Amino acid sequence: MGVVTLTDAWPRPGEPFTVGDLDRMPDDGHRYELLDGTLIVSPAPGPPHQRAAVMLCHILELACPEDLIVFPNVGVRIGPRSALEPDVVVARAGDVSGARLARPPLLVAEILSPDSALRDLNLKKAAYEPFGMPSYWVIDPDLDQPSLQTFELADGAYREAAQAAGDVPYRAERPFPVEIVPSHLVAKLRTQ
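Scoring rules and cut-offs
- Residues numbered from 1 in each chain as written.
- Predicted model: local features only at pLDDT ≥ 70, side-chain atom pairs only at ≥ 80, totals over all residues.
- Heavy atoms only, no water.
- Core = buried A, V, L, I, M, F, W, Y, C linked by side-chain atoms within 4.5 Å.
- Buried < 20%, exposed > 50% of the residue type's maximum accessible area, 1.4 Å probe, protein only.
- Helix = DSSP H or I, 4+ residues; strand = E, 2+ residues; numbered from the N terminus.
- Contact = heavy atoms within 4.5 Å.
- Pairing = 2+ DSSP bridges.
- Axes fitted to C-alpha atoms, helices over the stretch in contact; angles between N-to-C directions.
- Polar contact = N/O pair within 3.5 Å; in protein donor to acceptor, adjacent residues only side chain to side chain.
- Salt bridge = Lys/Arg side-chain N within 4 Å of Asp/Glu carboxyl O.

A. Quick look at the nonpolar core. In this structure, Leu56, Leu60, Trp137, Ile139, Val178, Ile180 and Leu185 are the most contacted members of the largest nonpolar core, which totals 28 residues. At the level of secondary structure, the elements contributing two or more residues to this core comprise α3 (47-63), β3 (68-72), β6 (88-92), β8 (107-111), β9 (135-140), β11 (157-165), β12 (170-172) and β13 (178-180). A total of seven residues in this core trace back to one element, the largest contributor, which is α3. Those residues in contact with Val178 that sit more than four places away from it in its chain are Ile59, Leu60, Ala63, Trp137, Tyr170, Arg171 and Ala172. One finds Ile40, Val76, Ala127 and Phe151 within the second-largest nonpolar core, a separate group that totals 20 residues.

B. Spatial organisation of unusual backbone geometry. Across the junction of Arg174 and Pro175, the peptide omega takes the value 0°, indicating a cis bond. In this structure, Pro175 sits in the loop between β12 and β13. Of note, Asp36 is a non-glycine position whose phi angle comes to about 55°, a positive value. Considering the arrangement of structural elements, one finds Asp36 in the loop between β1 (31-35) and β2 (38-42). A positive phi angle is found at Asn73, which is not glycine, with a value near 50°. Checked against the element boundaries, Asn73 lands in the loop between β3 and β4 (75-79).

C. Up close: the sheet that holds β9. An order of β3-β6-β8-β9-β10-β11 is seen for the six strands of this open sheet, with the pairing classed as mixed. Each edge of the open sheet is held by one strand with a lone partner, namely β3 and β11. The average angle at which neighbouring strand axes cross in this sheet is 20°, direction not considered. Two strands pair when backbone bridges link them, and β6 and β8 are joined in this way by three bridges, in the antiparallel orientation. Considered in β8, the bridge of Val88 is made with Ala109.

D. The side chain of Glu110, seen in detail. Tracing the sequence through the fold places Glu110 in strand β8. Overall, the relative accessible area of 1% leaves Glu110 in the buried class. Separated by 3.3 Å, the side chains of Glu110 and Lys124 make a polar contact. Side chain to side chain, Glu110 and Tyr128 meet in a polar contact 2.8 Å long. Leave out the neighbours within four places in its chain, and Glu110 touches Arg31, Glu85, Pro86, Asp87, Asp120, Lys124, Tyr128, Tyr136, Trp137, Val138 and Ile139.

E. Region of the structure containing the pattern of salt bridges. Taken as a whole and assessed by the stated rule, the structure comprises nine salt bridges. Measuring nitrogen to oxygen at the nearest pair gives 2.9 Å for the salt bridge that ties Glu33 to Lys124. Separated by 91 residues along the polypeptide, Glu33 in strand β1 and Lys124 in helix α4 (residues 117-131) bring together distant segments of the chain. Like Glu33, the residue Lys124 is buried in the burial classification. Where Arg174 meets Glu152, a salt bridge forms, and the shortest distance between an N and an O atom there is 3.2 Å. Pair noted here: Arg174 is in the loop between β12 and β13 and Glu152 is in strand β10 (residues 147-154), with a separation of 22 residues, a long-range link. On the accessibility criterion, Arg174 (37% relative accessible area) is partly exposed. Look at the salt bridges and you will find they share partners, linking Glu33, Glu110, Asp120 and Lys124 into a network.

And the structure:
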């Protein structure tokens, strides 16, 4: 089998990308996502982003009931021309099959990077809303003032549920009871 290049996965001129095209993207260290037929290519995240993702997965996993699963960077198909790869996902064990989740997870968390803030706070949030993901969290891994902003789905729209920053804990009830302290997500990277 030869090396897959980005141009090998490109659709015909004038056609939008599909999830099938996304499946042919090369494994080159970039994150490839698809939103309404538009390809989004992101560089590998930096250390604060990666540390926050690892710690969030760890904290969630410790509190997670047996019928749910915590995933880092799992693909979520939200339509024939949209598939995103959230930083952290909590899903029902019964919804896991194939390369991507095809049913709405219970929680999606995105961790901001300098190149992703506008996309995570606007485009992705707007894409997750109609798909019916009950909880959406946005973590800013800023070493000076890490923060967490949470949104809950109500009547088909996300409403801000809570904000926490620094050493202030956030006590979530959905998708299960858990406490997140934003500063703990990047504690080992912070200078004293």
